[in-house]
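Structural overview for review
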Amino acid sequence: MAARSRSARRRGGAGQDGGAQRRRGAVRRPGLHGGAGAGPRRGPAGRAEAERAPPGREPPGARIAAKLEPLSEEERARAGLGGPRPPSGCTIFLGFTSNLISSGVRESIRYLVQHNMVDVLVTTAGGVEEDLIKCLAPTYIGDFSLRGRDLRQSGINRIGNLLVPNDNYCKFEDWLMPILEKMVDEQETQGARWTPSRMIARLGKEIDDPDSVCYWAQKNNIPVLSPALTDGSLGDMIFFHSYKRPGLVLDIVEDLRLINTQAIFARKTGMIILGGGLVKHHIANANLMRNGADFSVYVNTAQEFDGSDSGARPDEAVSWGKIRMDATPVKVYADASLVFPLLVAETFAQRADAFPSATPGD
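Since the model is a prediction, treat every value here as computed from it, not as a measurement. (Residues numbered from 1 in each chain as written. Predicted model: local features only at pLDDT ≥ 70, side-chain atom pairs only at ≥ 80, totals over all residues. Heavy atoms only, no water.)

1. What to know about the overall build of the protein chain
Along the backbone of the protein chain there are 15 helices and nine strands. By the burial criterion, 51% of the 362 residues in the protein chain qualify as buried. Long-range pairs, those at least 24 residues apart, make up 78% of the contacts in the protein chain with a sequence separation of at least 6. Looking at the protein chain as shown, the accessible area adds up to about 16,500 Å², and 51% of this sits on carbon and sulfur atoms. (Helix = DSSP H or I, 4+ residues; strand = E, 2+ residues; numbered from the N terminus. Buried < 20%, exposed > 50% of the residue type's maximum accessible area, 1.4 Å probe, protein only. Contact = heavy atoms within 4.5 Å. Areas by Shrake-Rupley, 256 points an atom, 1.4 Å probe, with all protein chains shown as cover.)

2. So, the pattern of salt bridges
In this structure the tally under the stated criterion is 16 salt bridges. The partner of glutamate 181 in a salt bridge is arginine 245, and the shortest N-O contact between them spans 2.8 Å. In this pair, glutamate 181 sits in helix α8 (residues 166-190) while arginine 245 sits in the loop between α11 (233-244) and α12 (252-264), placing the two residues 64 residues apart along the sequence. Glutamate 181 sits in the partly exposed class, given a relative accessible area of 23%. We note a salt bridge from arginine 198 to glutamate 254, for which the minimum N-O separation is 2.4 Å. Of this pair, arginine 198 sits in helix α9 (residues 196-207) while glutamate 254 sits in helix α12; the two residues are 56 residues apart in sequence, bridging distant segments of the chain. Residue classification places arginine 198 among the partly exposed residues on the basis of a relative accessible area of 36%. (Salt bridge = Lys/Arg side-chain N within 4 Å of Asp/Glu carboxyl O.)

3. Brief notes about the state of the cysteines
Evaluated as defined, the whole model comprises zero disulfides. For the unlinked cysteine cysteine 135, the closest cysteine sulfur is that of cysteine 214, found at 8.3 Å. Classification of cysteine 214 as buried rests on a relative accessible area of 4%. (Disulfide = S-S within 2.5 Å.)

4. Some points on the nonpolar core
One recurring pattern in soluble globular proteins: nonpolar side chains tend to sit buried together. Among the nonpolar cores identified, the biggest contains 62 residues, and Leu94, Ile109, Leu112, Val113, Leu121, Leu274 and Phe340 are the most heavily contacted of them. Top contributing element to this core by residue count: α8, with eight residues. Membership of the second largest hydrophobic core comes to 18 residues, among which are Leu258, Ile273, Ala284 and Ala293. (Core = buried A, V, L, I, M, F, W, Y, C linked by side-chain atoms within 4.5 Å.)

5. Some points on a nonpolar patch on the surface
Nonpolar side chains collect at one region of the surface, where Phe239, Phe240 and Tyr243 lie side by side and expose about 350 Å² of accessible area between them. Within the fold, phenylalanine 239 resides in helix α11. (Patch = residues over 30% accessible without salt bridge, like charges linked within 9 Å, V, L, I, M, F, W, Y side chains within 5 Å.)

6. Let's talk about the sheet that holds strand β4 (residues 156-159)
The sheet built from three strands is open, its strands ordered β3-β5-β4 with antiparallel pairing. Bordering the open sheet on either side are β3 (140-141) and β4, each of which pairs with just one other strand. Pairing analysis gives four bridges linking β4 to strand β5 (residues 162-165), with the strands arranged antiparallel. Within β5, the residue paired with asparagine 157 across the bridge is valine 164. Along the sheet face, α8 touches β4 and β5 and points at about 50° away from the line of β5. (Pairing = 2+ DSSP bridges. Axes fitted to C-alpha atoms, helices over the stretch in contact; angles between N-to-C directions.)

7. Considering the sheet that holds strand β2 (residues 120-123)
What the six strands build is an open sheet, ordered β6-β2-β1-β7-β8-β9; its pairing is parallel. Only two strands of the sheet have a single partner each, and these edge strands are β6 (224-225) and β9 (330-333). As defined by bridge partners, strand β1 (residues 91-96) adjoins strand β7 (residues 269-274) across six bridges and the pair is classed as parallel. When the sheet's bridge partners are listed, leucine 94 is paired in β7 with isoleucine 272. Of the strands in this sheet, β1, β2, β7 and β8 (295-300) touch helix α13 (residues 278-288), which is tilted by about 170° from β7.

8. A short note on the packing of helix α6 (residues 125-136) against α9
Where α6 meets α9, the axes come as close as 11 Å, and the angle between the chain directions of the two elements is 10°. Between α6 and α9, the angle falls in the class roughly parallel. Taking contact as the criterion, the partners of Val128, Leu132, Cys135 and Leu136 in α6 are, on α9, Ile200, Leu203 and Ile207. The residue makeup of the contact of α6 with α9, split by class, is seven nonpolar, no polar and no charged. (Parallel < 35°, antiparallel > 145°, perpendicular 65-115°, else oblique. Nonpolar A, V, L, I, M, F, W, Y, C, P; charged D, E, K, R; others polar.)

So, in structure tokens, the structure goes:
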């Protein structure tokens, strides 16, 4: 790969980023309750846990309770129009930026996907490729202060305080190129119509690794939407391959119809959005098609003062019709890599037995 030199051999002292293991039964309850009536439960994180249910009704996740509510035959038929997922009382959209997959939050996200607790994923190209690359080679823990010049000369890339050797991307290229070749073959000989979500599902099947979010998403028929799929290493590989074998087509319009219809035909919808940018707006805009989401939780550190969508509070989304006017959304101003595993432990993990779970051998 012309853009990447080989990585220098790693010296001692940099541990692998393994993440918190979150298979069924392994999720601990660190607790958001605090002591003496203080702590996060009385602030945004606690309200996110309870989803600010009406007074006197504060279950651990109103969104989860809504998801588990039975549907009438008419509601089931309507919800079934939204896509291949089995209909439920609340369609949950989970959006996350790529840095959360690079970090240990990948395991919390995988836990939700493995146990069918969410219905639609939206992420960036990095959120897909980092998940797959971690199945091929490890990411290492470094430091925010490491000098870019020194790292570049050593063939190491920094993601915050995480380090990814160039060799990881070389392994990714070696793994991906034959798959791209097969995809073009199937497009030309079988009339396959590739979309970003279908490509991600194919990659999840090919990686065949139960540590992967993409693996469990394709196994449980959970679409992974990534309208900017070419904006990353995946795009680099598609670009390189196009000179060897031009012609691969990815239809983003079909994926747009998919996410919008998931929202339109849902009985209720919930948004969990970790980070900002494309993933935040793509989910919110889909919910505009139904006059707004019923439940919404944002977790990010962005501020609204620059006018960005990333920093916008939920009330701005209410003005656009992306969150319902009678909803009680929550924005948690916090590092998602710290807060989200706690929220998962206090909400979804408490109802784990209510969700069907596949196994790698299924």
